[in-house]
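Tertiary structure, described
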Amino acid sequence: MNLYALHDSTAIVTGGSSGIGLACVELLLEAGARVAFCGRNDERLRSAEASLRERFPEARLLAQVCDVLDAEAVRAFAATSEAELGPARVLINNAGQGRVSTFADTSDDAWQEELQLKFFSVINPVRAFMSQLQGQSGASIVCVNSLLASQPEPHMVATSAARAGLKNLVRSMAFEFAEHDIRVNGILIGLVESGQWRRRFEARDERELDWRQWTTQLARRKQIPLGRLGLPKEAAQAILFLASPLSSYTTGSHIDVSGGLSRHA
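Attention in this report is confined to the structure presented alongside it. Just so it is clear, the structure is predicted and the values come from calculations on it, not from any experiment. (Residues numbered from 1 in each chain as written. Predicted model: local features only at pLDDT ≥ 70, side-chain atom pairs only at ≥ 80, totals over all residues. Heavy atoms only, no water.)

Under the criterion given, the structure shown has five aromatic pairs. With centroids separated by 5.9 Å and ring planes inclined at 80°, the aromatic side chains of Phe77 and Phe129 adopt a geometry described as edge-to-face. Highlighted residues: Phe77 in helix 3 (residues 71-85) and Phe129 in helix 4 (residues 108-134), separated in sequence by 52 residues. Comparing Phe77 with Phe129 shows no difference in burial state: the two are buried. Joined through ring pairs, the aromatic side chains of Trp197, Phe201, Trp211 and Trp214 make up one cluster. Between Arg198 and the ring centre of Trp211, over which it is positioned, the NZ or CZ distance is 3.7 Å. Taking NZ or CZ as reference, Arg204 lies 3.8 Å from the ring centre of Phe201, over its face. (Phe/Tyr/Trp six-rings, centres within 6.5 Å; stacked < 30°, edge-to-face > 60°. Helix = DSSP H or I, 4+ residues; strand = E, 2+ residues; numbered from the N terminus. Buried < 20%, exposed > 50% of the residue type's maximum accessible area, 1.4 Å probe, protein only. Lys NZ or Arg CZ within 6 Å of the ring centre and 35° of its normal.)

Structure follows, in structure tokens:
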């Protein structure tokens with residue numbers, strides 16, 4: 001039996017060309033799903049697509065350049081994926097990034113950009129795929145969020161506030177969409193290995209430390225009980241659980257994927 005029971009379902013992943021999004025695409029293909037994923041960077045998207053097609057030659061896969069903040073582009077992506085892969089049963093909203101800033105140095109424009117990114121990177125795909133999801137039995141939406149939603153950091157004030165709003169939005173959508181048999185959940189990630197952390201590693205002062213030593217030291221400074229950064233696949237596994245029938249009685253909830261970094265019960 002397939003672990004996630006997603007075989008022959010159509011799943012959509014935004015921000016799917018790297019990191020957690022790409023890990024989701026890989027696990028979905030392993031589960032036998034048909035997958036459409038998008039990203040803004042054409043080169044990175046095509047590189048990911050080529051690698052996936054080599055690993056999964058029989059997979060039904062669509063990769064399309066799309067900026068999730070462009071509502072028209074998202075609607076076009078939704079129409080193409082439905083035509084090629086069938087109506088979506090799963091929507092994974094993963095696009096987004098963090099902004100390092102304090103209240104004092106966050107401009108009005110920066111606030112607007114951050115709030116628009118965190119909200120409309122979810123709102124636009126949900127609107128575009130809603131009619132498809134409504135026609136599927138046991139449809140599911142999963143939003144990738146951050147522990148900052150519950151545990152804000154002063155050096156990421158705009159992102160923390162926007163992440164808290166997204167957490168609330170997930171709850172609101174869960175209540176509203178339940179009558180359509182659509183579940184809505186999210187995950188709260190802590191520190192997960194990513195291109196951003198790799199770039200910080202390359203710019204490190206402690207040149208004698210390798211990646212494992214540097215990230216272990218980082219985890220110690222951040223007081224992560226498990227003593228390391230998370231892996232994209234570990235976040236993806238929680239996402240697929242929420243996307244699948246394995247979580248059929250779960251909606252409006254968030255799974256903590258932070259290695260114990262959360263200080264909340």
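Following the structure, the description resumes.
So, on to the sheet that holds strand 4 (residues 90-93). By way of backbone hydrogen bonds, the strands of a sheet pair with one another, either parallel or antiparallel. Spatially, the seven strands line up as an open sheet ordered 3-2-1-4-5-6-7, and their pairing is parallel. Each edge of the open sheet carries a strand with a single partner, namely strand 3 (61-65) and strand 7 (254-257). Averaged over all pairs of adjacent strands, the angle between strand axes in this sheet comes to 15°, irrespective of strand direction. For strand 4 and strand 5 (residues 139-146), the ladder comprises four bridges, and the chain directions are parallel. From the neighbouring strand, Val90 faces strand 5, where its bridge partner is Ser140. Contacts from helix 2 (residues 42-55) reach strand 2 (34-39) and strand 3, with the element oriented near 170° to strand 3. (Pairing = 2+ DSSP bridges. Axes fitted to C-alpha atoms, helices over the stretch in contact; angles between N-to-C directions. Contact = heavy atoms within 4.5 Å.)

Before going further, it helps to examine the environment of Val122. Relative to the assigned elements, Val122 resides in helix 4. Taking the C-alpha atoms as reference, Val122 lies 27 Å from Ala50; in sequence the two are 72 residues apart. Not counting chain neighbours up to four residues away, the residues in contact with Val122 comprise Asn93, Cys143, Leu166, Leu169 and Met173.

That's the geometry; what it means functionally is another story.
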